[in-house]
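# Fold and contact review
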Amino acid sequence: VLRNIAKQHGVAGMYRGLRPTLLGIVPEAGITYGSFDLFKRNMLISKRTRIARQRSGNAAATAADATDVKLAAWEGIMCGIAAALLGQSSSYPLETLGRRAALGAAASGVAAAGPRA
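Thresholds, definitions, all that
Residues numbered from 1 in each chain as written. Predicted model: local features only at pLDDT ≥ 70, side-chain atom pairs only at ≥ 80, totals over all residues. Heavy atoms only, no water. Helix = DSSP H or I, 4+ residues; strand = E, 2+ residues; numbered from the N terminus. Buried < 20%, exposed > 50% of the residue type's maximum accessible area, 1.4 Å probe, protein only. Contact = heavy atoms within 4.5 Å. Core = buried A, V, L, I, M, F, W, Y, C linked by side-chain atoms within 4.5 Å. Polar contact = N/O pair within 3.5 Å; in protein donor to acceptor, adjacent residues only side chain to side chain.

## Remarks on the overall build of the chain
Regarding its fold elements, the chain presents three helices and zero strands. Counting helices and strands in the order they occur from the N terminus, the chain gives α-α-α. In the chain, buried positions account for 23% of the 117 residues. Pairs at least 24 residues apart make up 66% of the contacts formed inside the chain by residues separated by at least 6 positions.

Encoded structure:
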């Protein structure tokens, strides 16, 4: 298959579909890491506010009153899962385009070679 692609499309045919794939990596990483930080920060603020209100019995207590509170490991994992799902689902269309372009080059190479006996 590689020989047929190289014969028909040249060396550039080997890298067909690379551009959409690379264009999908940058937004996916940015969305994943950015949303992880956002989810983690919001969850921590919510947890600190809840605990501060429980400690003081005051409904007006804020997250600043419970700065010693940290997220549990499972809470950080949940933030990571949500961020990964968001990043992957937003970049999947570009990844699909890259695969289709790459498979298009491979399929045309196989079709030109014909079936092997």
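## A short note on the nonpolar core
The biggest cluster of nonpolar side chains holds five residues, and these are Ile 51, Ala 52, Ala 61, Ala 66 and Val 69. Ignoring any residue separated from it by four or fewer positions in sequence, one finds Ala 66 in contact with Arg 48, Ala 52 and Arg 55.

## Quick look at the side chain of Ser 91
Relative to the helices and strands, Ser 91 resides in helix α3 (residues 73-113). Within the local environment of Ser 91, its side chain forms a polar contact with the backbone oxygen of Gly 87, the two atoms lying 3.1 Å apart. Once residues lying within four places of it in the same chain are set aside, the contact partners of Ser 91 are Gly 24 and Glu 28.

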